[in-house]
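Coordinates in review
So you can see what is in the structure, the chains are spelled out below.
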Amino acid sequence: PVCEKSDRRCDVLLEDLASGHRTPLFDDRGAGARGCRLDVAALIDAAMKVERSLENDPALLVLNKFGKVEADGGGMCGLMAKALERGIPAIIGVPARNLDAWRNFAGEFSAELSENADEIRKWLGKLC
């Protein structure tokens with residue numbers, strides 16, 4: 001999150017670490033707006049850009065969050081599936097509220113890890 005506004009609302013930027021390209025994911029709907037500010041079109045556009053970068057066979061895909069849009073079957077789901085098809089391991093943050101949706105989506109292709117860095121390092125070490 002990038003918090004630069006006086007009203008303390010934060011914006012979310014998605015950054016492709018390989019290219020450095022940054023995509024703002026929240027709409028600026030004005031000071032009085034309520035509810036979700038996620039720009040789903042920007043999220044899908046970013047997912048398509050990252051999906052194209054999978055052609056470079058990265059060693060790992062890291063996604064910050066399996067959020068509400070993904071839990072509903074959209075957002076980055078196609079990107080995740082494409083990484084799986086190409087044999088690219090992925091680390092994806094999943095909030096507790098979306099665990100059931102994640103388990104339905106990922107099924108047997110998922111290994112659940114805690115946020116413990118040593119556990120993640122061990123899992124990554126097994127991939128090499």
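Everything numeric here is computed off the predicted structure, so don't read it as measured data. Per-chain numbering applies: the sequence of each chain, read as written, is numbered from 1 onward. Under the rules for a predicted model, residues below a pLDDT of 70 receive no local features and side-chain atom pairs below 80 are neither given nor counted, while totals for whole chains, interfaces and linings still include all residues. Excluding hydrogens and water, the side-chain values take into account all heavy atoms of the structure.

1. As for the environment of G67
Comment: elements are numbered from the N terminus, with helices defined as DSSP H or I runs of at least four residues and strands as E runs of at least two. Structurally, G67 is set in the loop between β3 (61-63) and α2 (68-71). A sequence separation of 28 residues divides G67 from P95, and the C-alpha atoms of the two residues are 7.3 Å apart.

2. Topic: the layout of surface pockets
In this structure, the largest pocket spans a volume of roughly 1000 Å³. Of the two site types, the cavity is a set of points on a 1 Å grid over the protein atoms alone where a 1.4 Å probe fits but cannot get out, and the pocket is an open set with protein on both sides within 12 Å along at least five of seven lines, each lined by residues with an atom within 4 Å of a point. Residue lining of the largest pocket: 37 residues in total, with L14, L63, N64, K65 and M76 positioned closest to the centre. Residue assignment for the lining of the largest pocket shows that the elements contributing at least two residues are β1 (13-15), α1 (40-53), β3 and α2. The space that makes up the second largest pocket amounts to roughly 830 Å³. Forming the boundary of the second largest pocket are 29 residues, of which A90, I92, W102, S110 and A111 lie nearest the centre. Residue assignment for the lining of the second largest pocket shows that the elements contributing at least two residues are β3, α3 (77-85), β4 (90-92), α4 (99-106) and α5 (117-127). Counted by class, the lining of the second largest pocket contains 22 nonpolar, 5 polar and 2 charged residues. Grid points are joined across faces, edges and corners, and a volume is the space filled by probe spheres set on the points. Residue polarity is assigned by list, with Asp, Glu, Lys and Arg as charged and Ala, Val, Leu, Ile, Met, Phe, Trp, Tyr, Cys and Pro as nonpolar; anything else, Gly included, falls into the polar class.

3. Description of the confidence of the model for the protein chain
As a note on interpretation, predicted positions should not be read in detail where pLDDT is low. The pLDDT averaged across the protein chain works out to 85; a share of 84% of its residues lies at or above 70. Note: pLDDT gives the predictor's confidence per residue, expressed from 0 to 100. At the low end of the mean pLDDT range in the protein chain sits β1, at 81; at the high end sits α4, at 96.

4. Quick look at the packing of α1 against α3
Note on definitions: angles span 0 to 180 degrees between N-to-C directions of axes, and those axes are lines fitted to C-alpha atoms, for helices only across the stretch in contact. The N-to-C vectors of α1 and α3 enclose an angle of 10°; their axes lie 9 Å apart at closest approach. In this view, α1 runs roughly parallel relative to α3, as classed from their interaxial angle. For the pair α1 and α3, the crossing hand works out as left-handed. When α1 is examined against α3, the residues A47, V50 and E51 are found in contact with a partner set consisting of G78, L79 and K82. Taken together, the residues of the contact of α1 with α3 sort by class into 3 nonpolar, 1 polar and 2 charged. Roughly parallel here means an angle under 35 degrees, roughly antiparallel means over 145, roughly perpendicular means 65 to 115, and every remaining angle is called oblique. Helix crossings fall into two classes, left-handed where the near helix is turned counterclockwise from the far one by less than a right angle and right-handed where it is turned clockwise. In what follows, a contact means two residues having at least one pair of non-hydrogen atoms within 4.5 Å.

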